[in-house]
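Structure assessment
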Amino acid sequence: MTAPVNLPLKSRGKLASSLPAEQLAEIAGLFEFRRTGYSLDAPFYTDPTIFKIDMEAIFGEHWIFAGSVAELPEPGDYITVDYGPYSLIVLRNDDGGVNVLHNVCRHRGARVLTEAAGSTGNLVCGYHSWTYSPEGNLIHASAPGETKFDKGCFGLKRAHSRVVAGLIFVCVADEPPTDFDETSKIFEPYLAPHDLSKTKVAYQQNIIEEGNWKLVMENNRECYHCDGHPELACSLFPTWGLTEGLIPAHLEEVWDRNKEAQSSLEERCRRYGLPYEVVEELDTRIAGIRISRESLDGEGESFSADGRRLSKKLLGDLPDFRLGRCSMHLQPNSWFHFQSDHVITFGVFPVNEHQTLVRTTWLVADDAVEGVDYDLDKLTYTWKQTNLQDKAFVELCQTGAGSPAYEPGPYMKSEYQVEAFINWYVQRVQEHLA
C-alpha cells in the first residue's frame, strides 16, 4: 500500500455544497469507510449522484487525455471530446498549437460543432450562425438592431491544454493541478523516440461499454482475467502483474520465457539509450502514472500472433523493431502501448453512471501506406478482439453491481494496481468533498 498524497483542503464542489446534509454525509461515509483491498460498494458504480460527484471531483478537476496530435495534422483540424456534462473542441491552430474550447455557444448554449472530427476555418453555430474564430473570439452575430451588443464579452470559453510527446491533455478546472508538469517529465523521455508528430491515424474505434467508468479502468489495471484474451496472450505475456512466488504452475514456463525476453530487451534499450525502468506512482501523485518498457512474446516486436511487426515502417528515430511495448497508465482515463511499428492510445470518457465510451486509436508512421506497409485488419485484430472481450467483462461486473446480492470482494495480490487506482480515486474525491 502506498502513502496518501497530502493536499491542502479547498472549497467543496458546487454539487456537494447543494446536497442535503444527510445525503452528503451518507456519500462521504461511503468514501471514508471504504474497505481497503476490496472492490467498491455498489453505489459507486450505480448511483447517479456519485457519478455527478465524479464528474466534478475527477473529470472537472484533473488533466484528462483527449487525443493525439496525429488526429489534428493540419491547421483547422479538430476533434470534439465529450464526457459527462462536458463537450470540448480540440483544434489545431495556425501556429501549430492546440486550442481547447468549450463546445457551448454563448448565445443559447447550442453545440457549435456537432461532428466527432473534421476541419474548419471559423466555428459557426448551426442554430443562429454565431461565428467564432479558431481562438474562440466571437466575430459575427446576426443580431439586427442590437446597438449595445459587445461581442468581446461572448467568446467561447477556453479550457486548459497541454501537449506532451504528441499526446493532448485537457483540464476544465479554473486552476489545474500543477504536478502534471512533473509527471510529464517522467513519461516524455519514454515516448519522445516514437515521435507522434510523424504519425497518422490508421484506425479509430469507439465502443460504448454498458458499465461505470471506474469498472473500465479497474479492468485495465490487472491481468488476472487475461486467460479471457486468447488473441492478446499470443504476444502479451499472461504473467503480467505477477511476481516471484505468485506464478501458477501452468505459467512457470511462460514466466521463464518472459524473464529471458525482458533481459534481452533491457540490453537493447541500454544500447540505444532508451529508458525502460518501471516508474509506478499510481496513487502517490495527483497525476498518477505507471510507465515501463516491457518485452513481448515471440519475436517481441508487436501485438501479432507471432510477435512480429505489423507495419514495415519504424516510428520516429527508433533503430530496432524488437523493442517490445512501452506501456503507460495515467490516472484517471487513459492507457497506451508504444511499439516500434505502431502506437495504440486508449481514452475513457464517461457518458453516465452506467455507460462509458472507450476510444481506441491506432497510429502508424505518416509515410506508411495501407496495403503496402501494413494490413489494417491485421494491425487492429488483437486489440479489436481484446476490447470486445473487455467490454463483456465490464458489463458482467456492472450487472452484478446492480444486484441486491452484490457485496465487495477482495482484490488478489496481482490486482494491486486496481487497489492503487481506487485509492487514488478515493483520495481525490475526499479532497473535493472536504
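This structure is a prediction, so every number in the text was calculated from the model and none was measured. (Residues numbered from 1 in each chain as written. Predicted model: local features only at pLDDT ≥ 70, side-chain atom pairs only at ≥ 80, totals over all residues. Heavy atoms only, no water.)

1. Considering the pattern of salt bridges
What counts here: We count a salt bridge whenever a side-chain nitrogen from Lys or Arg sits within 4 Å of a carboxyl oxygen from Asp or Glu.
Summed over all chains, the structure comprises 20 salt bridges. Overlapping salt bridges bring together Glu280, Arg290, Glu294 and Arg325 as one network.

2. Let's talk about empty space enclosed by the protein
To be explicit about the condition: Points on a 1 Å grid, built from protein atoms alone, make a cavity when a 1.4 Å probe fits but cannot get out and make a pocket when they are open with protein on both sides within 12 Å along at least 5 of 7 lines; residues with an atom within 4 Å of a point are the lining residues. Grid points are joined across faces, edges and corners, and a volume is the space filled by probe spheres set on the points. Put simply, DSSP marks the helices as runs of H or I at least four residues long and the strands as runs of E at least two long, and each gets a number from the N terminus on. Amino acids outside the nonpolar list (Ala, Val, Leu, Ile, Met, Phe, Trp, Tyr, Cys, Pro) and the charged list (Asp, Glu, Lys, Arg) are all regarded as polar, and Gly is one of them.
Inspection of every chain in the model, using the stated rule, returns four cavities of 30 Å³ or more. Along its surface, the largest cavity is lined by 18 residues, and Asn220, Glu222, Leu232, Leu236 and Trp383 are the ones closest to its centre. When contributions to the lining of the largest cavity are tallied by element, the ones reaching two or more residues are α6 (213–220), β14 (325–330), β15 (334–338) and α8 (376–401). Classifying every residue of the lining of the largest cavity by side-chain character gives seven nonpolar, eight polar and three charged. If you add up the space inside the second largest cavity, you get close to 100 Å³. Lining the second largest cavity we find 15 residues, and of these Trp63, Phe180, Ala287, Gln331 and Pro332 sit closest to its centre. Counted by class, the lining of the second largest cavity contains nine nonpolar, five polar and one charged residues.

3. Focus on the state of the cysteines
So the rule is basically this: Pairs of cysteine sulfur atoms within 2.5 Å are identified as disulfides in what follows. Only protein chains enter the accessibility calculation, which uses a 1.4 Å probe; a residue whose area is less than 20% of its type maximum is buried, one above 50% is exposed, and one in between is partly exposed.
Summed over all chains, the structure comprises one disulfide. Between the sulfur atoms of Cys223 and its disulfide mate Cys226 the distance is 1.9 Å. Since a negative S-S torsion denotes a left-handed disulfide, the Cys223-Cys226 link at about -110 degrees is left-handed. For the pair Cys223 and Cys226, a shared accessibility class is recorded, and that class is buried. Between Cys105, a free cysteine, and Cys125, which holds the nearest cysteine sulfur, the sulfur-to-sulfur gap is 3.9 Å. The class for Cys125 is buried, based on a relative accessible area of 3%.

4. Notes on the domain arrangement of the protein
This is how the line gets drawn: These domain limits were set by an automatic method or by a database of domain assignments. In short, buried area is how much 1.4 Å probe accessible area vanishes from two parts on joining, totalled over both. Polar contact criterion, stated in full: a pair of N or O atoms within 3.5 Å, where within protein one must be able to donate a hydrogen and the other to accept it, and residues adjacent in sequence count only if both atoms are side-chain atoms.
Domain assignment breaks the protein into domain 1 (64–163) and domain 2 (180–433). Taking only C-alpha atoms into account, the centre of domain 1 sits 32 Å from that of domain 2. Summed over both partners, the interface of domain 1 with domain 2 comes to about 1100 Å²; 63% of that surface belongs to carbon and sulfur atoms. One can count one salt bridge joining domain 1 with domain 2. The closest approach of N and O atoms between Arg162 and Asp181, which form a salt bridge, is 3.3 Å. Connecting domain 1 to domain 2 are four residue pairs in polar contact (both at pLDDT 80 or more). Secondary structure elements with two or more residues in the side of domain 1 that touches domain 2: β1 (64–68) and β2 (77–83). For the side of domain 1 that touches domain 2, the class distribution of residues is seven nonpolar, three polar and three charged.

5. Quick notes on helix α4 (residues 48–57)
Burial analysis of α4 places eight of its ten residues in the buried class, the great majority of the element. Within α4, burial applies to Thr49, Ile50, Phe51, Ile53, Asp54, Met55, Glu56 and Ala57. Measuring from the side-chain oxygen of the N-cap residue of α4 to the backbone nitrogen of Thr49 gives 2.6 Å; that N-cap residue is Asp47.

6. Topic: the nonpolar core
For clarity, the threshold we go by: Nonpolar core, defined: a set of buried Ala, Val, Leu, Ile, Met, Phe, Trp, Tyr and Cys residues in which side-chain atoms within 4.5 Å join the residues together. By definition, residues are in contact when any of their heavy atoms lie within 4.5 Å.
Counting residues in hydrophobic clusters, the biggest one holds 102 residues, and the most contacted among them are Val90, Phe187, Leu191, Trp213 and Tyr425. In terms of residue count, the dominant contributor to this core is helix α9 (residues 416–433) (eight residues). Residue contributions to this core reach at least three from each of two domains, namely domain 1 (64–163) and domain 2 (180–433). Beyond its immediate chain neighbours, meaning those up to four positions away, Leu191 contacts Ala165, Leu167, Ile291, Cys326, Met328 and Phe338. By size, the runner-up hydrophobic cluster in this structure holds 15 residues, among which are Ile89, Cys105, Leu113 and Tyr132.

7. Some words on the sheet that holds β2
Across a sheet, paired strands are connected by hydrogen bonds in the backbone, their directions being either parallel or antiparallel. In plain terms, the rule: Any two strands between which DSSP finds at least two bridges are classified as paired. The convention used is that axes are lines fitted to C-alpha atoms, helices contributing only their stretch in contact, and that angles between N-to-C directions extend from 0 to 180 degrees.
In spatial order, the strands read β4-β3-β2-β5; together these four strands make up an open sheet with antiparallel pairing. The sheet is open, and its two borders are formed by β4 (98–102) and β5 (117–119), each paired with just one other strand. For this sheet, the mean angle separating the axes of adjacent strands, direction not counted, is 25 degrees.

8. Focus: the environment of Asp377
Its place among the elements puts Asp377 in helix α8. Judged by relative accessible area, which is 56%, Asp377 ranks as exposed. Here the alpha-carbon distance between Asp377 and Pro144, two residues 233 residues apart in the chain, equals 54 Å.

9. Concerning the sheet that holds strand β17 (residues 355–365)
Here seven strands make up an open sheet; going across it, the order is β11-β17-β16-β15-β14-β13-β12 and the pairing antiparallel. One side of each edge strand has no neighbouring strand; the edge strands of this open sheet are β11 (199–209) and β12 (279–281). Looking at each pair of strands side by side, their axes are set apart by 15 degrees on average, direction ignored. Across five bridges, the pairing between β14 and β15 is antiparallel. Bridge pairing in β15 links Ser327 to His337. Across the sheet, helix α5 (residues 180–191) is in contact with β12, β13 (289–294), β14 and β15; its angle to β13 comes to roughly 20 degrees.

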